[in-house]
Amino acid sequence: QTFPHQETQLLQKSYTRKDWQGGYESLTEELDYWIDDIEGEIPPELQGTLFRNGPGLLDINGQRLHHPFDGDGMISRITFTNGRAHFRNRFVQTPGYLEEKKAGKILYRGVFGTQKPGGWLANIFDFKIKHIANTNVIYWGDKLLALWEAAEPYQLNPQSLETLGNEYFNGVLSIGEAFSAHPRIDPSCTQDNGKPCLVNFAIKPGLNTKITIFELNPDGKIIRKKTHSVPGFCFIHDFVITPNYCIFFQNPVKFNPIPFALGISSAGQCIKLLKNQPTRIIVIPRNPEAEAKGVKILETQAGFIFHHVNAFEVENQILIDSICYESLSEVEPKSDYRQTDFDANSPGQLWRFHLNLQDNKVQPQLIDSRCCEFPTIHPNHVGRQYRYLYCGAAHAETGNAPLQGILKIDLESQQKQIWSFAPRGFVGEPIFVPRPNAQQEDDGWVIALVYDAEYHRSDVVILDAKNFQKGVIAKLHLKHHIPYGLHGSFTNQ
Ligand code: 3ON
Ligand code: FE
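What this report covers is the structure whose coordinates are included nearby.

The strand order across the open sheet built from five strands is 1-7-6-3-35, with neighbouring strands paired in antiparallel fashion. The open sheet is flanked by strand 1 (32–34) and strand 35 (488–491), the only strands paired with a single partner. Mean inter-strand twist for the sheet, computed between neighbouring axes without regard to direction, equals 15 degrees. Sheet analysis places strand 3 (residues 48–55) next to strand 6 (residues 73–81), joined by eight bridges and oriented antiparallel. Of the residues in strand 6, the one forming a bridge with T49 is T79.

Dropping the structure here:
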């Protein structure tokens, strides 16, 4: 059996590994300047701030981290005002970041393979993991929060990006309690008279896993919090919501903590994907009416999911769009991630899962086989019917490769548009920003950071979401590169 992604091995690549590797260099400086090197024009109606998070350090004073997901969080802030743009970046000042900076060496184990120097003897029975804040950054309830799924959020000053400390939401979150990096904002919550509501979760894995669901009002207060217990170990990075449900995909994995305890490998490396076991889909009611029906667990094919696009209800069905991997190379980092053989790994592909809540059957449907990651949509369509999605995608239609293009999919007509930065550009998560007073779902801009290997620097690129073929409408050249990031958000503030 051959999978379509194996065929491209014969074709010429759209990138070189050396170019791609350039985006995995640390950025140690903290900068603050007006961007004055701009191609095209920033749309004057585009006003607000793009916040981005991601590993800023890939090494501690020359000691390489084993995997980028272990890198300390660095926040970038690009503010658009009256056709101009300002850049600022700062590291989240977690205790681990500060201690390692002072010591000039790795002091902590990471989740994705980073170990203290000195081999297993230096790591055995050390269960402390460095708490970082590198995965997402959101502005909610007048607070800027840097998120990492295994610990509490960090609050930052949204202007200066100074770290203010951990956020516990008036003590509703307890010390050491997790708060995932993938909150979803319900644009109109039925329980709150149509006011927006931020929904997030926390995973406490074990033989049974505790899933806590938090709902926060626009003031940033936790107004609902409930914990559910589900059978088995879970590694759940993201979830989806609808007006009535929170939906989690329990990837079929097993966790063997012994190599971790013995200092041989990190916690994340002890997770293995079970290819012959089904994925469990956990459907948890959000409101009292749905709650009467209880938690439902449905099953579908094996695979691994980090990110979902969106979900919505249609009569007795829930439709969920997600990026699925056939095998799990991202969290099984055996060797040097910079030497990744893209062709040997399976690509993330876009699937739609049709959940029938009547007979509990699930129908998976492949929507696009192109390698893709980091999906986003119009914020008002979260949990609702929607037509357009945007994501990072490989330049080539088949095969597994780094993200070099931005892909738009019209889920109604199946039409696709891609704007590619190949051969020397590498893209991060795109963000859709609606045009003020827009009527149509795709009336707005798609903004992304693109690493340009030719100049070893990053660009902020703005595309017209309606028409990618027009090309980039503005390309803002930064004075430096930004290491490949994870997630971010846009706020009109
Ligand atoms: O036993 C549990 C297992 C586990 C893995 C304990 C745990 C909660 C500590 C844990 C921790 C999980 C963590 C900290 C996960 C962090 C994930 C992270 C920082 C990033 C994930 C990124 C995912 C993707 C798909 C990134 C894609 C990137 C590209 C396409 C290239 O730029
Ligand atoms: Fe993520």
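After that view of the structure, there is still more to cover.
Attention now moves to the sheet that holds strand 22 (residues 304–314). Taken in spatial order, the four strands make up an open sheet running 22-23-24-25, and their pairing is antiparallel. Whereas interior strands pair on both sides, the edge strands pair on one side only; in this sheet they are strand 22 and strand 25 (362–368). Ignoring strand direction, the axes of neighbouring strands in this sheet form an average angle of 25 degrees. Bridging between strand 22 and strand 23 (residues 317–325) involves eight bridges; their strand directions are antiparallel. Its bridge partner lying in strand 23, I305 is registered against C324.

Another point: the environment of I409. Assignment of secondary structure puts I409 in strand 28 (residues 405–410). In sequence terms I409 and R387 are 22 residues apart; their C-alpha atoms lie 8.1 Å from each other. Leaving out residues up to four positions away in the same chain, I409 has contacts with L350, D368, R387, Y388, L389, Q415 and K416.

Every one of the 20 residues lining ligand 1 counts as a neighbour, but F69, T135, E149, F306 and E373 are closest to it. If ligand 1 stood free it would expose 800 Å²; the protein chains cover 87% of that surface. Those elements that provide at least two residues to the shell around ligand 1 are strand 22 and strand 26 (372–376). Each residue belonging to the shell around ligand 1 can be placed in one class, and the counts come to 14 nonpolar, four polar and two charged.

The next thing to look at is unusual backbone geometry. Note: most peptide bonds trans; most residues except glycine with negative phi. Across the junction of A422 and P423, the peptide omega takes the value 5 degrees, indicating a cis bond. Tracing the backbone shows P423 in the loop between strand 29 (416–420) and strand 30 (425–427). Here N61, not a glycine, exhibits a phi torsion of approximately 50 degrees, which is positive. By secondary structure assignment, the location of N61 is in the loop between strand 4 (59–60) and strand 5 (63–64). Of note, the phi angle at D142 is positive, near 60 degrees, even though the residue is not glycine. Locating D142 in the fold gives a position in the loop between strand 8 (136–140) and strand 9 (143–147). You can call D142 exposed: its relative accessible area is 62%.

Here is what the cut-offs are and how they apply
Residues numbered from 1 in each chain as written. Chains lettered and ligands numbered in written order. Predicted model: local features only at pLDDT ≥ 70, side-chain atom pairs only at ≥ 80, totals over all residues. Heavy atoms only, no water. Pairing = 2+ DSSP bridges. Helix = DSSP H or I, 4+ residues; strand = E, 2+ residues; numbered from the N terminus. Axes fitted to C-alpha atoms, helices over the stretch in contact; angles between N-to-C directions. Contact = heavy atoms within 4.5 Å. Near = heavy atom within 4 Å. Areas by Shrake-Rupley, 256 points an atom, 1.4 Å probe, with all protein chains shown as cover. Nonpolar A, V, L, I, M, F, W, Y, C, P; charged D, E, K, R; others polar. Buried < 20%, exposed > 50% of the residue type's maximum accessible area, 1.4 Å probe, protein only.

On their own, these measurements won't tell you what the molecule is for.
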